[in-house]
Amino acid sequence: MRRLPRRVFASLTFALLASGCASTAIGPGYYWQSVTGHLKLMHAARPVQDWLDDPATPPALQQKLQLTQRIRAFAVTELGLPDNASYRRYADLHRKAAVYNVVAAPALSLRLQQWCFPVAGCVGYRGYYDEAEARAFAAGLGNDLDVAVYPVPAYSTLGWMNWAGGDPLLNTFIGYPEGELARLIFHELAHQVVYASGDTAFNESFATAVERIGGARWLAQADEAARRTYAEFDGRRQAFRALTRGTRDQLQALYEDPSLDETAKRARKNELMQAFRQRYADLRQGWGGYKGYDAWVDRANNASFGAQAAYDQWVPAFETLFEREGRDFARFYDAVRALARQPAAERQAALQALDPTARPPSTP
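Everything numeric here is computed off the predicted structure, so don't read it as measured data.

S.K.: What am I meant to see in the overall build of the protein here?
M.R.: In terms of helices and strands, the protein carries 14 helices and eight strands. Within the protein, counting contacts between residues at least 6 apart in sequence, those at least 24 apart form 75% of the total.

Structure follows, in structure tokens:
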């Protein structure tokens, strides 16, 4: 790879910090792996049309790539999402994830440890392009924390890299069912619309709300086979989320219980985790051998439950806001931008007013 001008490296660093794929106690080695990892990813990407014109491209991949471009056009015309260079190129990374995130939480809390950056603010995860490096960092965090490492299929540079080709489509998610592929693209493009520095729950819940609303609209005009496949996929996901949400609420209530000492809480935590895994085993029996959540359940702890909460904490609040704005995406995005400009406490109070049933987020 040819050497790039210093301003390009600076822009890449800025973009990666904005994306949330970042760290704490930040040393130069971490920044170097972030910049070089993203450069390699960008370098591997080629325009979708090049892949379509290449006779070596498998037919199944060609069909998926053609589908993504229809989804990309739908995102612009129907959802008001940015019309730019993102998701018009494709890269095969020859690995199963774009990045690997490390999350950590105390033994008796769902509050994630924070790592802070100049642009992204403080986030509850630290991302690595190399799985071995992620696991090495996780191993060094100490035995007093619950730690998890999980694969991330895609991430957003918030539009900062559109001048260089934008965020590419990746082999890590191109094989998803049609409805899920659409939702992922809508989610990542939503990050380019609004980003509140340091508020992971706000950012991810907003993008999740957009993906859910947009995904439903996409499937409404898709063929019956796509809707049927997605219904099966999403049915398993909703059942699993209900299970994890219930366990998360039980853990949160346990950790906040002033009547129990630390020893009693640890014992009860073990009981809750055993019960969670048993309920998952019971649930999985009706899935015809589907094992997609097995790895998550095997490593489940406070950190993984805390990380999951960031993605659905305020989704009902944003869906209520969308309805309040007349289901008009332009008005909805303006209202979300206004929330993002508010101080964190006022923003959370506004979201709580939109969804009074929501618990305060487990990350600041």
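S.K.: I'm lost on the packing of aromatic side chains in this one. Help?
M.R.: Between two aromatic rings, the relevant description is the distance of the centres plus the angle of the planes. Applying the stated criterion across every chain, the model contains 26 aromatic pairs. Ring geometry for Tyr 128 against Phe 137: centres 5.8 Å apart, planes inclined by 40 degrees, an arrangement best described as tilted. Centroid distance Phe 202 to Phe 318: 5.2 Å. Interplanar angle 70 degrees. Geometry classified as edge-to-face. Note that Phe 202 is positioned in helix α7 (residues 200–220) and Phe 318 in helix α12 (residues 315–324), a separation of 116 residues in sequence. The pair Phe 202 / Phe 318 is uniform in exposure class, with both members buried.

S.K.: Explanation requested: unusual backbone geometry in the structure shown.
M.R.: For residues that are not glycine, phi is negative in most cases, and the peptide bond is trans in most cases. A positive phi angle, close to 65 degrees, is found at Tyr 87, a residue other than glycine. Residue placement: Tyr 87 occurs in the loop between α4 (59–79) and β2 (89–91). Of note, His 94 is a non-glycine position whose phi angle comes to about 60 degrees, a positive value. Counting through the fold element by element, His 94 comes out in the loop between β2 and β3 (99–106).

S.K.: Would you explain the environment of Pro 343 in this entry?
M.R.: Note that Pro 343 resides in the loop between α13 (329–341) and α14 (344–354). Relative accessible area serves as the criterion here: at 47%, Pro 343 is assigned to the partly exposed category. Taking the C-alpha atoms as reference points, Pro 343 and Ala 196, separated by 147 residues in sequence, lie 9.9 Å from one another.

S.K.: Even after reading the chapter, I still don't get the sheet that holds strand β8 (residues 169–170), so can you show me in this structure?
M.R.: Taken in spatial order, the three strands make up an open sheet running β1-β2-β8, and their pairing is mixed. Unpaired on one side and paired on the other, β1 (46–47) and β8 mark the two borders of the sheet. Pairing geometry for β1 and β2, over two bridges, is antiparallel. Bridge pairing links Arg 46 to Tyr 90 in β2. Strands in contact with helix α2 (residues 28–44) are β1, β2 and β8; relative to β2, the strand with the most contacts, it is inclined by about 115 degrees.

S.K.: Help me out: how do you make sense of the packing of α4 against helix α6 (residues 178–190) in this one?
M.R.: Running from amino to carboxyl end, α4 crosses α6 at an angle of 50 degrees, the nearest separation of the two axes being 10 Å. Classified by the angle between their axes, α4 and α6 sit oblique to one another. Note on packing geometry: the crossing formed by α4 with α6 is right-handed. Taken together, the residues of α6 that come into contact with α4 (itself represented by Lys 64, Leu 67, Thr 68, Ile 71, Arg 72, Phe 74, Ala 75 and Leu 79) are Glu 178, Leu 181, Ala 182, Ile 185, Phe 186 and Leu 189. Here the contact of α4 with α6 is built from residues that sort into ten nonpolar, one polar and three charged.

S.K.: Explain the confidence of the model for the protein here, please?
M.R.: Confidence along the protein averages 89 in pLDDT terms, with 90% of residues attaining 70 or more. Within the model, the stretch residues 1–24 combines pLDDT values under 50 with 68 contacts to residues more than four positions away or in other chains.

S.K.: Could you clarify how one ought to interpret the pattern of salt bridges in this entry?
M.R.: As a working rule, side chains carrying opposite charge can pair if their charged atoms are close by. The final tally for this structure, using the stated rule, is 20 salt bridges. Here the salt bridges share partners, and the residues they tie into one network are Glu 180, Arg 183, Glu 211, Asp 234 and Arg 237.

S.K.: Looking at this structure, how should I read α14?
M.R.: Because each turn of an α-helix spans 3.6 residues, side chains separated by three or four positions end up pointing in the same direction. Residues of α14 that are buried: Arg 347, Leu 351 and Leu 354. Down the axis of α14, the sector holding all buried residues measures 55 degrees, keeping them to one side. For α14, the exposed residues lying more than 90 degrees away from the buried face are Ala 345 and Ala 353. Contacts from the buried residues of α14 go to α7, α12 and α13.

S.K.: What should I look at first to understand the pairing of β3 in this one?
M.R.: A regular strand places its side chains so that they alternate between the two faces of the sheet. For β3, the tally of buried residues reaches seven of eight residues, placing the bulk of the element in the interior. Where β3 and strand β7 (residues 145–152) come together, eight bridges link them in antiparallel fashion. Paired with Asn 101 across the two strands is Tyr 150, which belongs to β7. Alignment of β3 against strand β6 (residues 126–128), held across three bridges, turns out to be antiparallel. By the bridge assignment, Asn 101 is partnered in β6 with Gly 127.

Conventions adopted
Residues numbered from 1 in each chain as written. Predicted model: local features only at pLDDT ≥ 70, side-chain atom pairs only at ≥ 80, totals over all residues. Heavy atoms only, no water. Helix = DSSP H or I, 4+ residues; strand = E, 2+ residues; numbered from the N terminus. Contact = heavy atoms within 4.5 Å. Phe/Tyr/Trp six-rings, centres within 6.5 Å; stacked < 30°, edge-to-face > 60°. Buried < 20%, exposed > 50% of the residue type's maximum accessible area, 1.4 Å probe, protein only. Pairing = 2+ DSSP bridges. Axes fitted to C-alpha atoms, helices over the stretch in contact; angles between N-to-C directions. Parallel < 35°, antiparallel > 145°, perpendicular 65-115°, else oblique. Left-handed = near helix turned anticlockwise from the far one by under 90°. Nonpolar A, V, L, I, M, F, W, Y, C, P; charged D, E, K, R; others polar. pLDDT = per-residue confidence, 0-100. Salt bridge = Lys/Arg side-chain N within 4 Å of Asp/Glu carboxyl O. Arc of directions from axis to C-beta.

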